[in-house]
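Secondary and tertiary structure notes
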There are 2 protein chains.
Amino acid sequence: MRNEFETELKNLHIRFSEMAMMVNEAIQKSVTAFITHDQELAKKVIQNDQNINNREIDLEKRSFEMIALQQPVTSDLRMIVTILKASSDLERMGDHAVSIARATFRLQKNAILPEVEQLISKISHLVESMFNQAIEAYLQQDDQQAIEIALEDNDIDKLVRTVNQTCIQSMKTNPQAVENGTTYMLVANYLERTGDYVTNLCEWVVYLKQGKLSDLNSKNIG
Amino acid sequence: MRNEFETELKNLHIRFSEMAMMVNEAIQKSVTAFITHDQELAKKVIQNDQNINNREIDLEKRSFEMIALQQPVTSDLRMIVTILKASSDLERMGDHAVSIARATFRLQKNAILPEVEQLISKISHLVESMFNQAIEAYLQQDDQQAIEIALEDNDIDKLVRTVNQTCIQSMKTNPQAVENGTTYMLVANYLERTGDYVTNLCEWVVYLKQGKLSDLNSKNIG
């Protein structure tokens, strides 16, 4: 019975980290679609979101069965409930990918701001790297690593501010830039939140290891 | 034992709905601070967020104890886990109130757009009413009511689009309006998400009553 439970718990961890990787990929693809103005790719990201949602439902179902049938001890229960809550975060990050993909259709070709698109691309690479490291820290249950990874969110926030300032400057001097400027700022805002969610994931890693809630970034969302 | 559990479950529901009311109040106050340019009130909203966060931690602690010590049957377990997940949503709505309050400090007095501020005030009243109704439907476990309430989110979305269009128009004709215009759009965006979260709450009510996940608004966030 205990062995069976251990196996199922391990499976749950793996399926959760797979979901995290699916979401990371969705975000990267959405940004690629956005900055290369690739509407076909954007459509694929939007369609694929259902798979992410289904994975959350699958995790919920498995977690419920484990709690109801096997009545886990408190520490295991904490782990299962953490996965339940963290998978909600992942699902929301997937929704951000959809929002970024949708923004692709609003960009006006005659008022592209290439330097802003380069900045957004740079931010998405920081998010990707931070996210991959956080998934690894989760799998290794490495709380020290998680604390360090969370600091990377500051670089993301800094670049987002640069995007905002650059857009505002462009919009002030060129009325034609207004529509795209607001779209760029919105996309940067989604990436900023994505960084906050990755920080949350780092906090979950600390919570699982140390059993206490931490705040690795005072301005984070969760 | 069973009676004790029933009492605790009832307490959990009440404490959850209290948290919802705290969040609703925080959102209303943040919008009031924003559109009346009341930085003192904005500060209070920001400081008060800790109380909302503490309530989430309190609900989590109580839920854990109930699951671990009383090993509830599946239907009760579903209810407790739903409260756990929904309280994360509430906590995030509280963070949106903080973001709106913070925006108060960015508004430039010499480029106020009164018609936009009126629209934002109108949106916040719709959010308040929808939120209050959703809390009531939750307390009554009235799934039919919840389904109807969720439809109100469309009116919120419509007004948010009007805010966006009005801001873009102003920014195009007046470079001085650019900074405030982007701030107004961001605040409207937070209120739109708040409406999405209230829709989520309606979905939880349906879930608790009917035992199945529903999608009451295809563009919602959770």
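Residues numbered from 1 in each chain as written. Chains lettered and ligands numbered in written order. Predicted model: local features only at pLDDT ≥ 70, side-chain atom pairs only at ≥ 80, totals over all residues. Heavy atoms only, no water.

Focus: the overall build of chain A
Tallying secondary structure elements over chain A gives 7 helices and 0 strands in all. For a compact globule of 222 residues, the expected C-alpha radius of gyration is about 17 Å, and chain A comes in at 19 Å, within 12% of that figure. Seen through its C-alpha atoms, chain A measures out along the principal axes to roughly 65 × 35 × 20 Å. Looking at the 222 residues of chain A, the share that counts as buried comes to 57%. Put simply, of all contacts in chain A between residues at least 6 apart along the chain, 82% involve residues at least 24 apart. When the accessible surface of chain A is totalled, it reaches about 9400 Å², and 48% of it is carbon and sulfur. Distance from the positive charge centre (23 side chains) to the negative charge centre (32 side chains) of chain A: 2 Å. (Helix = DSSP H or I, 4+ residues; strand = E, 2+ residues; numbered from the N terminus. Rg over C-alpha atoms; globule rule 2.2 N^0.38 Å. Buried < 20%, exposed > 50% of the residue type's maximum accessible area, 1.4 Å probe, protein only. Contact = heavy atoms within 4.5 Å. Areas by Shrake-Rupley, 256 points an atom, 1.4 Å probe, with all protein chains shown as cover. Lys, Arg positive; Asp, Glu negative; His and termini not counted. Charge placed at Lys NZ, Arg CZ, Asp CG, Glu CD.)

Thoughts on the interface of chain A and chain B
Across the boundary between the two partners, chain A contributes 41 residues, which contact 40 residues of chain B. Carbon and sulfur atoms make up 58% of the surface buried where chain A meets chain B, a total of about 3400 Å² over both sides. Of all residues in chain A, the largest losses of buried area upon contact with chain B belong to F64(A), K85(A) and R92(A), amounting jointly to 18% of the total for that side. Taken together, chain A and chain B are joined by 8 salt bridges. For the salt bridge of K172(A) with E179(B), the shortest nitrogen-to-oxygen distance reads 2.8 Å. On inspection of chain A and its partner chain B, the count reaches 14 residue pairs in polar contact (both at pLDDT 80 or more). Contributing elements (two or more residues each) for the side of chain A that touches chain B: α2 (39-70), α3 (74-103), α6 (153-173) and α7 (178-210) of chain A. (Buried area = accessible area lost by both parts, 1.4 Å probe. Salt bridge = Lys/Arg side-chain N within 4 Å of Asp/Glu carboxyl O. Polar contact = N/O pair within 3.5 Å; in protein donor to acceptor, adjacent residues only side chain to side chain.)

Quick notes on the UniProt feature "domain: PhoU" (unreviewed entry) in chain A
Residues and elements named next belong to chain A. The feature "domain: PhoU" (unreviewed entry), as given by UniProt, occupies residues 17-103 and 120-205 in the numbering adopted here. The straight-line gap between the two end C-alpha atoms of residues 17-103 is 27 Å; of that span, 93% is helix and 0% is strand. Segment residues 120-205 splits into 91% helix and 0% strand. End C-alpha atoms: 28 Å apart. (UniProt positions renumbered as here; feature names shortened; annotations may be inferred.)

Regarding the packing of helix α4 (residues 114-140) of chain B against helix α6 (residues 153-173) of chain B
Residue and element names in this part refer to chain B. Closest axis-to-axis distance for the α4/α6 pair is 10 Å, and the angle between their directions is 165 degrees. In this view, α4 runs roughly antiparallel relative to α6, as classed from their interaxial angle. Considering the relative orientation of α4 and α6, their crossing is left-handed. Mapping the contact onto sequence places E115, V116, L119, I120, K122, I123, L126, V127 and M130 in α4 and D153, D155, I156, L159, V160, T162, V163, T166 and C167 in α6. (Axes fitted to C-alpha atoms, helices over the stretch in contact; angles between N-to-C directions. Parallel < 35°, antiparallel > 145°, perpendicular 65-115°, else oblique. Left-handed = near helix turned anticlockwise from the far one by under 90°.)

Considerations on the nonpolar core
F34(A), I120(A), F131(A), F34(B), I120(B) and F131(B) are the most contacted members of the largest nonpolar core, which totals 146 residues. With residues near it in sequence (within four places) discarded, F34(B) still touches I100(B), A103(B), T104(B), L107(B), I120(B), T183(B), Y184(B) and V187(B). (Core = buried A, V, L, I, M, F, W, Y, C linked by side-chain atoms within 4.5 Å.)

Concerning the relation of the copies chain A and chain B
It takes a turn of 180 degrees to lay chain A on chain B, together with a shift of 0.0 Å along the axis; the resulting RMSD is 0.0 Å. A rotation of that kind, with that shift, is consistent with a two-fold axis. Closest approach to the rotation axis within chain A is made by the C-alpha atom of K85(A), at a distance of 3.0 Å. An overlap of 98% is found between the interface residues of chain A and their copies at the interface of chain B, pointing to a shared contact surface. (Least-squares fit on C-alpha atoms with pLDDT ≥ 70 in both.)

Things to note about the environment of T194(B)
Residues and elements named next belong to chain B. With respect to the helices and strands, the residue T194 is situated in helix α7 (residues 178-210). When the C-alpha positions of T194 and D153 are compared, they lie 9.5 Å apart, and in sequence the two are 41 residues distant. If we ignore the near neighbours within four places in the chain, the residues touching T194 are I27, M93, H96 and V127.

Structural notes on the packing of aromatic side chains
Residue and element names in this part refer to chain B. Enumeration according to the criterion identifies 6 aromatic pairs over all chains in this entry. Relative to Y138, the ring of F16 lies with its centre 4.9 Å away and its plane at 50 degrees, an arrangement referred to as tilted. Note that F16 is positioned in helix α1 (residues 2-36) and Y138 in helix α4, a separation of 122 residues in sequence. Residues F16 and Y138 agree in their burial class; the two are buried. (Phe/Tyr/Trp six-rings, centres within 6.5 Å; stacked < 30°, edge-to-face > 60°.)

What to know about α6(B)
Think of an α-helix as turning once every 3.6 residues; residues three or four places apart then point the same way. Taking 1.5 Å as the rise per residue, α6(B) with 21 residues should run 30 Å; its terminal C-alpha atoms sit 31 Å apart, in good agreement. All of the buried residues in α6(B) are D153(B), I156(B), D157(B), L159(B), V160(B), V163(B), T166(B), C167(B), I168(B), S170(B) and M171(B). Buried-residue contacts for α6(B) involve α7 of chain A together with α4, α5 (143-150) and α7 of chain B. (Expected span 1.5 Å × (residues − 1).)

Focus on the side chain of T166(B)
You can see T166(B) is positioned in helix α6. Sequence-distant contacts of T166(B), that is, excluding residues within four places in its chain, are made with E115(B), V116(B) and L119(B).

Focus: the layout of surface pockets
In this structure, the second largest pocket spans a volume of roughly 190 Å³. What lines the second largest pocket is T74(A), R78(A), Y207(A), G211(A), K212(A), L213(A), I57(B), E60(B), K61(B), F64(B), E65(B) and A68(B). Of all the secondary structure elements, the ones that give two or more residues to the lining of the second largest pocket are α3 of chain A together with α2 (39-70) of chain B. It is α2(B) that contributes the most residues to the lining of the second largest pocket, 6 residues altogether. (1 Å grid on protein atoms, 1.4 Å probe; cavity = no way out; pocket = protein on both sides within 12 Å on 5 of 7 lines; lining within 4 Å. Points joined across faces, edges and corners; volume = space filled by probe spheres on them.)

A look at helix α1 (residues 2-35) of chain A
The end-to-end C-alpha distance of α1(A) is 50 Å, a good match for the 50 Å that 34 residues give at a rise of 1.5 Å each. In the stretch just after α1(A), H37(A) is the one whose phi turns positive, near 55 degrees.

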